[in-house]
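Inside the fold
Listed below, chain by chain, are the residues.
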Amino acid sequence: MPELLLPGNIISMDARAADRLTACGNGDAALLYLWLLRHGGQLDPAQARKGLKWDGQRLEEASAALVNLGLSDGKTQAEAAPIPAPQGPPDYTAADITREIEDATSTFPGLVNEVQRRLGKVLSTSDLKSLYTLYDYLALPAEVICLLVSWCVEEFERKYGAGQRPRMSQVLKEGFAWKRLGVDTAQAADAHLKRKSLYRTREGAILQLLGLKPRPLVEKEKKKVAAWTDMGFPDEVLRLAYEKTVYKKQQMDWDYMNGILLGWHKKNLHTLAEIEAGDKPARTTQSAVSAGGSRPAMQDHPAAPGEVDRRVREDLERMREFLRQEKERDKEG
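All values derive from a computational prediction rather than experimental measurement. (Residues numbered from 1 in each chain as written. Predicted model: local features only at pLDDT ≥ 70, side-chain atom pairs only at ≥ 80, totals over all residues. Heavy atoms only, no water.)

Moving on: the overall build of the chain. When its secondary structure is counted, the chain shows 17 helices and 0 strands. Classification of the 333 residues of the chain by burial places 33% in the buried group. Expressed as a percentage of contacts within the chain between residues at least 6 apart in sequence, the contacts between residues at least 24 apart total 64%. Here the chain has roughly 20,000 Å² of accessible surface; of this, 51% comes from carbon and sulfur atoms. (Helix = DSSP H or I, 4+ residues; strand = E, 2+ residues; numbered from the N terminus. Buried < 20%, exposed > 50% of the residue type's maximum accessible area, 1.4 Å probe, protein only. Contact = heavy atoms within 4.5 Å. Areas by Shrake-Rupley, 256 points an atom, 1.4 Å probe, with all protein chains shown as cover.)

Set out below in structure tokens:
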């Protein structure tokens, strides 16, 4: 009979981690956590995809789930290394580029023309080397590179204004990120961009929902919006979390609001009804007090339990009224 637990090869797991994984019900997150335990806690995306037989998107979603559960910092070995990596691309020469452009069987000349059109400029020798790195070293198909360039152009214009274009070095850096995530086919690129577009749409919608002025989000805020989207919170719940944040902090505080939403997510509370039913504070029974028991300290909760319940109900009613008015305005428009 084979040995299943070999000496020196036993993997242990903290009970708190096991509780969080079983409570969230995310099988992929649990599998990735086991893989991380087996490999020293350091995520190597390429090795993880190979070992788990996953595509890049599945790995990205499982990694995000572990970050939301507080079981991973989301960092990878590739992120800790410079780009290009120590075993990086060849030092391409102008002759290498010329030879590829003059090759009648190569798709590279057509790619050069299309990238120049999308960037609105003639590529320099340095630009051509960056493009050839994507094409030859990373082996990204021409159609994937075109999608990559278009995405970078859209993002650059959104941040810095119409007509602004990224440098090829910036496109190359994003290309390395795509490769690490397994976005190396047209199908994978399409799925990746749809997810990116969803996050981008949600960024603007959430700013409007919270009554904040439209603006590009910083990276830390983008990650929170992506996490809230993946956790599946509807607008009315985000608004409630925002109101609770402002009530407590007297202003918008992204970290505090994120803490509220993570708390609900860990309790599997995602709708207003679930939150109203499952997030009520514990009550101190009148019988215990009258029997001579002392009341618990209230330094952290200055309001009485009944008062807290009342405020939560009022928040929910205000949120419902807000949504009703929004629907009425949409009908009128």
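There is more to say, and it comes next.
A word on the nonpolar core. Ranked by size, the top nonpolar core spans 31 residues in total, and within it Leu-131 and Leu-134 carry the most contacts. Here the element with the most residues in this core is helix α9 (residues 142–160); it accounts for 8 residues. Excluding residues within four positions of it along the chain, Leu-134 makes contact with Ala-139, Leu-140, Ile-145, Leu-148, Met-168, Val-171, Leu-172 and Gly-175. Counting 25 residues, the second largest nonpolar core, distinct from the first, contains Leu-207, Ala-227, Leu-272 and Ile-275. (Core = buried A, V, L, I, M, F, W, Y, C linked by side-chain atoms within 4.5 Å.)

A surface patch of nonpolar side chains, about 240 Å² in accessible area, is lined by Met-13, Leu-31 and Leu-34. Note on placement: Met-13 falls in the segment before α1 (15–24). In this structure Met-13 comes out as partly exposed when scored by relative accessible area, which is 33%. (Patch = residues over 30% accessible without salt bridge, like charges linked within 9 Å, V, L, I, M, F, W, Y side chains within 5 Å. Salt bridge = Lys/Arg side-chain N within 4 Å of Asp/Glu carboxyl O.)

For the rest of this paragraph, the subject is the packing of helix α11 (residues 186–209) against helix α12 (residues 219–231). Packing of α11 against α12 leaves a shortest axis separation of 9 Å and a crossing angle of 105°. Relative to α12, α11 is oriented roughly perpendicular. For the pair α11 and α12, contact is made by Arg-195, Leu-198, Tyr-199, Arg-202, Glu-203 and Ile-206 and by Lys-222, Val-225, Ala-226, Trp-228, Thr-229 and Asp-230, respectively. (Axes fitted to C-alpha atoms, helices over the stretch in contact; angles between N-to-C directions. Parallel < 35°, antiparallel > 145°, perpendicular 65-115°, else oblique.)

According to the stated counting rule, one finds 7 aromatic pairs in the structure shown. Considering the side-chain rings of Tyr-137 and Phe-176, the 6.4 Å spacing of their centres and the 40° angle between planes classify their relative orientation as tilted. Of this pair, Tyr-137 sits in helix α8 (residues 125–137) while Phe-176 sits in helix α10 (residues 168–180); the two residues are 39 residues apart in sequence, bridging distant segments of the chain. Overall, the relative accessible area of 10% leaves Phe-176 in the buried class. By way of ring pairs, the aromatic residues Tyr-92, Phe-108, Tyr-132 and Tyr-135 are connected into one cluster. (Phe/Tyr/Trp six-rings, centres within 6.5 Å; stacked < 30°, edge-to-face > 60°.)

Another aspect to go through is the environment of Gly-120. Mapped onto the elements, Gly-120 comes out in the loop between α7 (108–119) and α8. Given the relative accessible area of 63%, Gly-120 is considered exposed. When the C-alpha positions of Gly-120 and Arg-165 are compared, they lie 8.1 Å apart, and in sequence the two are 45 residues distant.

Bringing the pattern of salt bridges into the picture now. Within this structure, the stated rule accounts for 20 salt bridges. The closest approach of N and O atoms between Arg-195 and Glu-61, which form a salt bridge, is 3.2 Å. With Arg-195 in helix α11 and Glu-61 in helix α4 (residues 56–68), this residue pair connects regions lying 134 residues apart in the sequence. The salt bridge involving Asp-190 is made with Lys-194; its shortest N-O contact spans 3.3 Å.

Within the secondary structure, Gln-164 sits in the loop between α9 and α10. The spatial distance from the C-alpha of Gln-164 to the C-alpha of Val-153 is 7.7 Å, given a sequence separation of 11 residues. Leaving out residues up to four positions away in the same chain, Gln-164 has contacts with Phe-156 and Glu-157.

With 77% of its residues at a pLDDT of 70 or more, the chain shows a mean pLDDT of 81. Here residues 1–8 is modelled with pLDDT under 50, and outside its nearest four sequence neighbours on either side it reaches 1 contact, counting other chains as well. Of the regions scoring below 50 in pLDDT, residues 80–86 engages in 6 contacts with residues more than four places distant in sequence or in other chains. (pLDDT = per-residue confidence, 0-100.)

A few words now on α8. Compared with the 18 Å implied by 1.5 Å per residue over 13 residues, the 17 Å span of α8 between its first and last C-alpha is a close match. Inspection of α8 places Asp-127, Leu-128, Ser-130, Leu-131, Tyr-132, Thr-133, Leu-134 and Tyr-135 among the buried residues, and these make up the whole buried set. Structurally, α8 contributes buried residues whose contacts are with α6 (94–101), α7, α9 and α10. Just downstream of α8 lies Ala-139, where phi reads positive at about 55°. (Expected span 1.5 Å × (residues − 1).)

Positionally, Glu-221 belongs in helix α12. Of note is the side chain of Glu-221, whose polar atom sits 3.2 Å from the side chain of Trp-254. Other than its neighbours up to four places away in sequence, Glu-221 contacts Arg-215 and Trp-254. (Polar contact = N/O pair within 3.5 Å; in protein donor to acceptor, adjacent residues only side chain to side chain.)

The terminal C-alpha atoms of helix α14 (residues 254–266) lie 18 Å apart, and with 13 residues this matches the ideal 18 Å at 1.5 Å per residue to within 8%. When α14 is considered as a whole, its buried residues turn out to be Trp-254, Met-257, Asn-258, Ile-260, Leu-261, Leu-262 and Trp-264. Taken together, the buried residues of α14 touch α4, α11, α12, α13 (235–249) and α15 (272–278). One side-chain oxygen at the N-terminal end of α14 lies 3.1 Å from the backbone nitrogen of Asp-255; it belongs to Asp-253. Among the residues trailing α14, Asn-268 stands out with phi positive, at a value near 60°.

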